[in-house]
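Commentary on secondary and tertiary structure
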Protein chains: 4
Amino acid sequence: MIIKLKQHAARKQIDHLTDWLVRQNLRVQLSEGEFETIIGVIGDTSHVDLHGIEGLEIVDQVIRISEPFKTANRKFHPDDSAVRVGTQQVGGGAFTLIAGPCSVESPEQILEIARKVRAAGATMLRGGAFKPRTSPYDFQGLQAEGLELLKQARAETGLPIVTEIMNLNHIELFADVDVIQVGARNMQNFDLLRELGRTRQPVLIKRGLANTIKELLMSAEYVMAGGNPNVILCERGIRTFETYTRNTLDISAVPVLKELSHLPVIVDPSHACGLARHVPALALASVAAGADGLIIEVHNAPEKALSDGAQSLRPEQFEQLARRLARIREAMLP
Amino acid sequence: MIIKLKQHAARKQIDHLTDWLVRQNLRVQLSEGEFETIIGVIGDTSHVDLHGIEGLEIVDQVIRISEPFKTANRKFHPDDSAVRVGTQQVGGGAFTLIAGPCSVESPEQILEIARKVRAAGATMLRGGAFKPRTSPYDFQGLQAEGLELLKQARAETGLPIVTEIMNLNHIELFADVDVIQVGARNMQNFDLLRELGRTRQPVLIKRGLANTIKELLMSAEYVMAGGNPNVILCERGIRTFETYTRNTLDISAVPVLKELSHLPVIVDPSHACGLARHVPALALASVAAGADGLIIEVHNAPEKALSDGAQSLRPEQFEQLARRLARIREAMLP
Amino acid sequence: MIIKLKQHAARKQIDHLTDWLVRQNLRVQLSEGEFETIIGVIGDTSHVDLHGIEGLEIVDQVIRISEPFKTANRKFHPDDSAVRVGTQQVGGGAFTLIAGPCSVESPEQILEIARKVRAAGATMLRGGAFKPRTSPYDFQGLQAEGLELLKQARAETGLPIVTEIMNLNHIELFADVDVIQVGARNMQNFDLLRELGRTRQPVLIKRGLANTIKELLMSAEYVMAGGNPNVILCERGIRTFETYTRNTLDISAVPVLKELSHLPVIVDPSHACGLARHVPALALASVAAGADGLIIEVHNAPEKALSDGAQSLRPEQFEQLARRLARIREAMLP
Amino acid sequence: MIIKLKQHAARKQIDHLTDWLVRQNLRVQLSEGEFETIIGVIGDTSHVDLHGIEGLEIVDQVIRISEPFKTANRKFHPDDSAVRVGTQQVGGGAFTLIAGPCSVESPEQILEIARKVRAAGATMLRGGAFKPRTSPYDFQGLQAEGLELLKQARAETGLPIVTEIMNLNHIELFADVDVIQVGARNMQNFDLLRELGRTRQPVLIKRGLANTIKELLMSAEYVMAGGNPNVILCERGIRTFETYTRNTLDISAVPVLKELSHLPVIVDPSHACGLARHVPALALASVAAGADGLIIEVHNAPEKALSDGAQSLRPEQFEQLARRLARIREAMLP
């Protein structure tokens, strides 16, 4: 950690600060220049409150140099970690292809899609039961009934299920869900993350629309700090000035997350883009960038979709995409 | 609502769509051009699912022209609405000056600050009991104890209290809080908003870091749709590429929110800026832009602050600012 | 084009507007609703000034639905266009691999790199002679001498040269340059674009840091409107709140640009990322997304680079990347 | 400057780097920690190329702590500097109110507006002669003729004129312009800035849509490094995800620019907002934030405006705003 002091900071106050830092078991080095004085702080500063120090009158700026995330940090865990989901694993060399509708709508709908995506090569089934909708007047999902329909589809097809939780009181309801998804809007719903840290279920955390790569890792840290190591990271696009696509897929997040963390990284090209016709290009790009998997929206009849139809592929489109993905993955082998 | 069709859309599919729209009690007008065909849809489209229509093969783009928010919409409620808080009101010509520490730390701390900000002209006391922290290792607030300390300070000073809720299970705990704050990170925690719609307590909703002005109004709509009209909107800065300030205060949001909605609008210059030395300029600017109030961080000893000290004013600085604010407000009178 | 009128717009003013539109040879359709009245305008509106109409008292909002770009628009030119560069072509099925140093530094440096990148499979040589530097105190490039060194390297290796122009007075100086690059900071230097429209040389236009996909196409339109059809589009990252990478590569721009326009699209992963270690992942992703080529920084000794060393690959790294790119391109074949 | 080294950096390479730094007359301090090693560099690093160091294999990150701008830096010039324009001055306690049409359209138009804005209290006249237009098909301004009309209006009213330059070959043409404006799109047109540094005319530099506050100061530095100290900074809104307003006025830029630099700071609320009805609120806010002046679009008949009518005030609206501005300025006096 680097602390830049204001010009003319009083010696007495500087000593007061450095003494305090030393008491925190940190090593301190003072560099005094003509126009700035800098304190270099060496050691584990993850428990030190930056803002408290920034609040000091003599401090101009505090720059954290070592990452505040620990358990998610590759520095302390050099090898890729894999998350077990039933008989499968996510990460660690495996490729995970999650597909399904935005919303679960009916037994027929979810079952038909589950069968088709499995046939096309999907390894897990996604489907929204509880839907985060910007408008209180929009369809909010089939909720508990939706979860039941997903479990029936799982029983029929053997595909593990991935679905979003929006309420920390639903954790028991989700006890039998294979992968619990935390949506972008809840990435910093810290109470929810903390509760998920008490379970041992796989948690897929989507990056928030305005959250940095490091903030995503801090949210993973919340779950892991609670004792649950089974975290999967998901890049799903960030919000920028570009409006042609719904969001801007930050493809760089894939190699960067894999550099900074040992956790598996998957990409959601459907929400990133919002336009079904461009989902294949983004899916192929994500695999070429090194993603451990994809989560893709597939609908049997987009024209009837109750939500997000615009970004859903038809099963035949998904099947064709899956074939192309396989070729890219092969080309990626060492 | 405007629906732009793809080139060469089949007549049969176009008719199928227009018939469906008419069945939704909407008026439809078809405009066929050489390179595009457009369907103009007139009527209340707030219940129509855009994405469902965008999913149609023949549809290129759907543009919603009327706002999807109703109860928060000034169109349907031309006069300013005021929110009652104890004997005070927020909005409707009143000016609300909320001040206090980022976090409640001790009985002495909160009481001392409460007395000082009241003396300086604050009309309400703010203080964090439950703190949203990016890192699980940072101080999380005194929680329930913090609420008690706030109530003691209220008893002593008569200042209504404003504090943040992070968990929908805490609503009973907050039953006696005068203004419940929804933080930026929870602006789209829809389950929390829905629960708050069941109360009749004043709710102050902060704009999310990546949320548009209209999304803020949709979050207000969630609370109001539940029957709670007591919503206060708060601009607190958005996330942009500029890093000198913690966030970028979107000052334009003040006049725009007051144009689009009848709800009171206040500004939080402390979180928007993150630098105490620039808080006064932003506070004065907010009042000149037409804000109904301000929420400002004040700490008795920023150098000891456990969180966000960097953005807290000292009581004497706040007192000086309050005097300048009064002069600007006077200059704003017609 | 859709014109949304204010509530209670006077009939007389509405008629005045619709008459004016009809005089512009546009078809007009009026849709009057309870809360809004909309004018649908059909025809070529590319010459109509939106702002002029938005300025009207009765107008609430103007939404352009057809794209304002014509010659660059795929709608009017369905087939991919290819740009001829010497014996090569860019786009139209070809793959262009441009490589070279950020700055030309010496005869030995540029020649050594040219030989190595050609050996590795590069099809063109890049190198900066005139450098856009944020600081007036930084190295500004070898300028005219740099152009000469590039031409010598071309003579030796046969590689066409790609280099940036910053000043419209330099067009004669660039007469013998194979591909003239317009940098991100000059994407909307309209006088420069207009001058380049008077030549027939291939022009590679980089997307500006804050420019939309459609604005990039409008800049291409400037060059093409002048009679120069030889435009190559380049995505090089946009500026967002994420600071880990220098910019955020907008990978979606590749399929979107190819949908909206017939022009070739290449990607610059080096500037998008700013970190050499992540350039390969972004390069592979760009090809998988459908890019027609790449422009990559390669330096013989990054530790000695006078500029942008952080994002330059060493020749052996480039050679290894080129092999991987070839495998991905093969996997992309139908 | 702080240099963070990679883990396991070789001693030999570290020494090589520190020796090099010392040869640049910089003081160096090495701090070796368990997980990171940091080199603190003290002294004038404005001439040191960050990227060159970042390119080193052993370097993980370089953080510049002292600002790279010198002549514009308040640290080296604590007092406000004022720019002389005819008998007026900009900054240094004066308030500058620049008003006029987006484009000069005719002798009658510019003269009528000039008379009216002067009567309302404007101190300078603005008007576009050369217009930067996104589309090559839009009106490009009256160009040289427009400059003549501005000079006639100046002769008639005595108001100094402010107008935008887009082409470095026009500097002679602008020799008699009182304040030469560099538009947002040209903020990093470094060749243009360098040429303006050779003149001694006042230069008003608008912040680019995606440029940081510090980049704006670096562009000022380009002009000042050439020997022209007469630079005026202008905040005019940045591009963010919010689309309701054309851009997002970064009101914080006003106090921050005045903290970092001694140069005068003015605000353009018209372009920042794009909506005439919200220009007054932003203008009042800018003055309350400490701006030294405003540049506001005023048109005699917005419904006839050839460009940007949507953001232009009518003279009577401007006159009313000027009265309100005067009251706010009075309230701002110590």
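Rules behind the numbers
Residues numbered from 1 in each chain as written. Chains lettered and ligands numbered in written order. Predicted model: local features only at pLDDT ≥ 70, side-chain atom pairs only at ≥ 80, totals over all residues. Heavy atoms only, no water. Phe/Tyr/Trp six-rings, centres within 6.5 Å; stacked < 30°, edge-to-face > 60°. Helix = DSSP H or I, 4+ residues; strand = E, 2+ residues; numbered from the N terminus. Buried < 20%, exposed > 50% of the residue type's maximum accessible area, 1.4 Å probe, protein only. Contact = heavy atoms within 4.5 Å. Buried area = accessible area lost by both parts, 1.4 Å probe. Salt bridge = Lys/Arg side-chain N within 4 Å of Asp/Glu carboxyl O. Polar contact = N/O pair within 3.5 Å; in protein donor to acceptor, adjacent residues only side chain to side chain. Nonpolar A, V, L, I, M, F, W, Y, C, P; charged D, E, K, R; others polar. Least-squares fit on C-alpha atoms with pLDDT ≥ 70 in both. Domains from an automatic or database assignment. Pairing = 2+ DSSP bridges. Axes fitted to C-alpha atoms, helices over the stretch in contact; angles between N-to-C directions.

Aromatic rings considered in pairs are described by the distance between their centres and by the relative angle of their planes. Residues and elements named next belong to chain A. For the coordinates displayed, the defined rule picks out eight aromatic pairs over all chains. With a centroid separation of 5.9 Å and an interplanar angle of 35 degrees, the aromatic rings of Phe130 and Phe174 are classed as tilted. Remark: Phe174 occurs in the loop between strand E9 (161-165) and strand E10 (179-182) and Phe130 occurs in the loop between strand E8 (124-126) and helix H4 (144-157); sequence separation between them is 44 residues. For the pair Phe130 and Phe174, one class covers both residues: buried.

Looking now at the interface of chain C and chain B. Contacts between chain C and chain B engage 23 residues on the former and 23 residues on the latter. Summing both partners gives a buried area of about 2,200 Å² for chain C against chain B, and 62% of it is carried by carbon and sulfur. Applying the counting rule to chain C against chain B returns zero salt bridges. Along the contact surface separating chain C from chain B lie zero residue pairs in polar contact (both at pLDDT 80 or more). Secondary-structure elements contributing two or more residues to the side of chain C that touches chain B are strand E1 (2-5), strand E2 (27-32) and strand E3 (37-42) of chain C. Broken down by element, the side of chain C that touches chain B gets its largest block of residues, five residues, from E2(C). Grouping the constituent residues of the side of chain C that touches chain B by class yields nine nonpolar, seven polar and seven charged.

By a simple turn and slide, chain C fits onto chain B: the slide is 0.0 Å along the axis, the RMSD is 0.1 Å, and the turn is 180 degrees. One copy is carried onto the other by what is essentially a two-fold rotation axis. The position closest to the rotation axis in chain C is occupied by the C-alpha of C:Phe241, lying 2.1 Å away. A high fraction, 100%, of the interface residues of chain C reappear at the interface in chain B, so the copies pair face to face through one surface.

The next subject is the domain arrangement of chain A. What the domain assignment lists for chain A is domain 1 (2-63) and domain 2 (82-331). Between the C-alpha centres of domain 1 of chain A and domain 2 of chain A the distance comes to 43 Å.

For the rest of this paragraph, the subject is the relation of the copies chain D and chain C. The operation relating the pair of chain copies consists of a rotation about an axis and a translation along that axis. Expressed as a screw transformation, the operator carrying chain D onto chain C has a rotation angle of 180 degrees and an axial translation of 0.0 Å, and the superposed copies differ by an RMSD of 0.0 Å. A share of 100% of the interface residues of chain D reappears at the interface of chain C, consistent with the copies meeting face to face through the same patch.

In many analyses, interface size is given as the accessible surface area lost on bringing the parts together. Taken together, the contacts link 54 residues of chain D with 54 residues of chain C. Of the roughly 4,400 Å² buried at the junction of chain D and chain C (both faces included), carbon and sulfur atoms supply 49%. Here chain D and chain C share two salt bridges between them. Note that C:Glu215 is salt-bridged to D:Arg239, the shortest N-O span being 2.7 Å. Where chain D packs against chain C, one counts 18 residue pairs in polar contact (both at pLDDT 80 or more). Elements that contribute at least two residues to the side of chain D that touches chain C include exactly helix H2 (50-54), helix H5 (190-198) and helix H6 (213-225) of chain D.

Okay, the sheet that holds strand E4 (residues 59-63) of chain D next. Residue and element names in this part refer to chain D. The strand order across the open sheet built from four strands is E2-E3-E1-E4, with neighbouring strands paired in antiparallel fashion. Both outer strands of the open sheet, strand E2 (27-32) and E4, are each paired with one neighbouring strand and no more. Geometrically, the sheet is characterised by an average inter-axis angle of 15 degrees between neighbouring strands, direction not taken into account. In the sheet, strand E1 (residues 2-5) pairs with E4 via four bridges, with the strands oriented antiparallel. Across the sheet, Leu5 pairs through a bridge with Val59, a residue of E4. Helix-sheet contacts for helix H1 (residues 11-23) involve E1, E2, strand E3 (37-42) and E4, and the interaxial angle to E2 is about 155 degrees.

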